[in-house]
Every structure is written in C-alpha cells, then in structure tokens.
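Residue-level structure breakdown
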Protein chains: 2
Amino acid sequence: MTMNHRLFSFIADQDGPWAITSQTTWVGEPLPVAGGLHLVAGAAPAEGRPWVLRGITSHERYVEREEKQALVARQQGLGRPASTCAALIPIRKSAAWWALTQDERRQVFEAQSHHIGIGMNYLPAIARRLHHCRDLSENEPFDFLTWFEFDPALESDFDRMLAELRATPEWQYVDREIEIRLIRRGG
Amino acid sequence: MTMNHRLFSFIADQDGPWAITSQTTWVGEPLPVAGGLHLVAGAAPAEGRPWVLRGITSHERYVEREEKQALVARQQGLGRPASTCAALIPIRKSAAWWALTQDERRQVFEAQSHHIGIGMNYLPAIARRLHHCRDLSENEPFDFLTWFEFDPALESDFDRMLAELRATPEWQYVDREIEIRLIRRGG
C-alpha cells in the first residue's frame with residue numbers, strides 16, 4: 001500500500017461520517033438513494049452498499065502554467081474544521097465531447113465556458129478535489145467525481161457557482177450528472 | 001462484457017501467437033524474460049505468467065484537429081496480413097513530466113519534439129495503437145504501452161523512427177522504457 005493515495009472510494013451507506021441531505025439527478029440515470037457516505041483512500045468493495053464510486057486524482061488536463069500558479073496560490077485543502085458542508089458531483093460527458101481533440105476541448109472548457117475562471121472566483125472558500133474515472137476501466141458509470149467542502153454560510157455561493165457552470169457551453173456535453181449534498185455528522 | 005473493448009492485456013508466456021525475439025531495457029527496471037505474447041481484449045489474470053501488462057485506449061491528449069485529420073487519413077489498422085513484425089514498447093515518464101501543465105507538455109511533445117510529425121512520416125506503413133495505464137490504478141508499472149505492427153521489410157524504417165523519437169527532448173522525461181520485438185508465429 002502506498003502512503004500517497006491517488007485512488008479514492010465514495011461509499012454510500014445508511015450512516016457514515018457524512019449525512020446525505022439531498023441527491024438530485026440533473027441529467028441521466030439516478031443513483032440509488034442512500035443516507036450517508038464514507039470517503040476512503042484506496043479501493044473498497046461494493047457488496048451490500050447502495051453504491052460505491054471510485055476515482056483517481058491525476059495531472060491537470062487543461063490548466064496552463066499561469067492558471068496553475070494562480071490556483072495553487074489561492075486554493076485550500078480538504079478537512080478544514082469549519083467546512084461542514086460538502087457536495088459530491090459525479091459527471092459523465094457525451095461521446096461527442098470525447099471525440100473532440102485537445103485544442104477543441106480546451107476551447108470549450110475555458111475560452112467559451114471559463115470553467116477555471118468561474119472556479120477561481122470561489123477560491124479559497126470552496127475546497128475541491130477532482131477524481132478521474134473514465135480510464136479506470138472500460139465501463140465506469142461516470143467520467144469525473146468532484147468533491148467540494150465549504151462552510152455552511154457559503155452555501156448560496158456554492159449554489160451560484162454550480163448555476164454558472166451549468167449555464168456554460170461545456171455543460172451541453174454533460175450527459176449524466178447527479179448532485180449529492182452532505183453535512184458532516186457529530187462534531 | 002461490452003463488444004467495444006478499450007482495455008487490452010499483453011500476456012507474456014512461453015508460447016503464444018507472437019514470438020518474442022528480443023527484449024531490450026533502455027532505461028529503468030527490466031521485465032522478466034518471456035518467450036511469447038498473447039494480446040487479448042479485456043482483463044487477464046497475472047498468475048503463473050512472467051508478466052501481464054494492461055492498458056486502455058482513450059481520447060487523444062495532445063493531437064489537434066488538423067493533425068487528427070491528417071492521421072486518420074493515413075493510418076491503417078492492426079492485423080494486416082503482411083504485418084508479421086511487431087513491437088511492444090512500455091514507457092513510464094518521470095514525476096517532472098506529470099508536474100508540467102498541459103501547455104508545457106504539448107510544447108515539449110510537439111513544438112520541441114515533433115512527436116506527431118515523426119510518427120506521421122512512417123504512416124501508413126507502421127500501424128500503431130496507444131494504450132494508457134497511468135490512471136488504471138495508483139501503482140501501474142508503466143504510463144503507456146504502444147503496440148506497433150509492420151511488414152518485416154520495413155524493420156529498418158521502424159528502427160529509424162524509434163531512434164528519432166529517442167533523440168527528442170520529450171525522451172528526457174522517460175524514466176522506464178523496454179522495447180519488446182516480436183514476430184508472428186505460424187501462418
């Protein structure tokens with residue numbers, strides 16, 4: 001077992017450290033309803049769970065050097081004590097997206113949709129970790145899992161950020177999206 | 001099981017439809033010696049085999065639209081009857097490569113190294129399929145597996161193509177590379 005994990009499993013359960021407060025299917029097939037979530041490093045068996053999603057952190061696919069420097073200077077990590085709200089947003093993009101070339105995807109992603117720019121506006125308040133799934137196997141249910149953590153006072157900012165992203169040309173390529181909102185249990 | 005496979009396994013064995021004629025370690029840790037190879041769609045167990053490597057075909061990471069059109073117009077598929085020579089080249093790139101941003105990687109890959117341009121010069125004679133491994137799990141032994149097939153009469157062209165690629169700035173980021181040459185058995 002490496003100590004430097006890149007693979008993470010999101011395990012739906014009846015309980016768990018994160019309580020699921022809502023599960024909204026924006027497009028495509030829903031996921032079975034669950035009450036709580038465990039987020040663990042490494043692989044996890046799916047037996048007896050409503051669902052288990054897994055993803056792997058990886059190198060940036062679109063960010064350029066100046067953007068990366070600006071992001072690194074502003075972003076904060078997961079696990080901040082005041083960040084008791086979270087969201088897990090699994091997304092799959094269409095075959096049309098994956099048939100685009102790198103320059104075309106970057107064009108839609110940033111030049112047309114300002115994906116990096118929109119996200120930057122909400123840093124450092126909203127911490128984020130992106131997990132890739134598409135190339136874990138041939139038949140993954142999603143292409144990306146994004147995990148967000150933020151202070152409950154910033155929930156309306158988070159809602160606005162999602163609305164801005166969903167209004168972009170990039171989102172026309174999203175063919176499955178589920179928004180799972182959570183709060184941290186205990187204290 | 002999907003009929004449209006993206007995951008492929010390269011199974012080293014004592015026999016198999018491809019006979020291994022040489023196995024050269026250019027940089028990094030060698031692989032155990034084997035006599036033959038099976039190339040199969042999907043996953044395969046590693047037990048009892050000298051080694052099994054797996055990779056998944058995916059969308060292009062660097063190719064732009066004009067380059068893709070030029071490639072698609074020229075390239076030919078695997079399995080041509082005269083292509084009785086093959087090569088499997090597993091490669092791993094360094095942490096320094098993966099820490100580059102997309103624009104920096106593209107700059108090294110094509111502007112400095114002409115990777116696409118060099119490969120294009122050898123189409124359609126040399127057929128090629130690229131498999132990605134890096135994001136299959138946390139601990140894959142290689143980042144890429146490239147499989148080539150060509151007519152034995154073109155072996156010196158193939159050698160020259162590899163020499164040209166290995167002389168590029170991109171190859172300074174290669175920290176493990178093994179060249180496995182094969183010929184098709186029977187026929």
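Described in the following lines is the structure provided in the data block. Quantities reported herein were computed from a predicted structural model and do not represent experimental measurements. (Residues numbered from 1 in each chain as written. Chains lettered and ligands numbered in written order. Predicted model: local features only at pLDDT ≥ 70, side-chain atom pairs only at ≥ 80, totals over all residues. Heavy atoms only, no water.)

**Here we look at helix α5 (residues 155–166) of chain B**
Residues and elements named next belong to chain B. If you check α5, its first and last C-alpha atoms are 17 Å apart, about what 12 residues at 1.5 Å a residue would give, namely 16 Å. Regarding α5, the residues found buried are F158, M161, L162, L165 and R166. Looking down the long axis of α5, one finds its buried residues gathered within 130 degrees of arc, a one-sided arrangement. Tucked inside the fold, the buried residues of α5 contact β2 (18–27), β5 (85–93), α4 (115–121), β7 (144–150) and β8 (174–184). (Helix = DSSP H or I, 4+ residues; strand = E, 2+ residues; numbered from the N terminus. Expected span 1.5 Å × (residues − 1). Buried < 20%, exposed > 50% of the residue type's maximum accessible area, 1.4 Å probe, protein only. Arc of directions from axis to C-beta. Contact = heavy atoms within 4.5 Å.)

**A word on the pattern of salt bridges**
Following the criterion strictly, the structure yields 34 salt bridges over all chains and no others. Taking the shortest distance from any N to any O, the salt bridge between R166 of chain B and E177 of chain B comes out at 2.9 Å. With a gap of 11 residues between them, R166 of chain B in helix α5 and E177 of chain B in strand β8 connect regions that are remote in the sequence. The exposure class assigned to R166 of chain B is buried, which follows from its relative accessible area of 18%. In this structure E177 of chain B comes out as buried when scored by relative accessible area, which is 2%. Salt bridges linked by common partners bring E155, D159, R166, E177, E179 and R181 of chain A together as one network. (Salt bridge = Lys/Arg side-chain N within 4 Å of Asp/Glu carboxyl O.)

**Section: the environment of R106 of chain A**
Residue and element names in this part refer to chain A. Structurally, the position occupied by R106 is in helix α3 (residues 102–112). Judged by relative accessible area, R106 falls into the buried class, the value being 18%. Each C-alpha atom of the pair R106 and E170 lies 9.9 Å from the other, and the pair is 64 residues apart in sequence. Sequence-distant contacts of R106, defined by excluding residues within four places in its chain, comprise Y62, V63, E64, E67, A111 and I116.

Shape descriptors only; they carry no functional weight alone.
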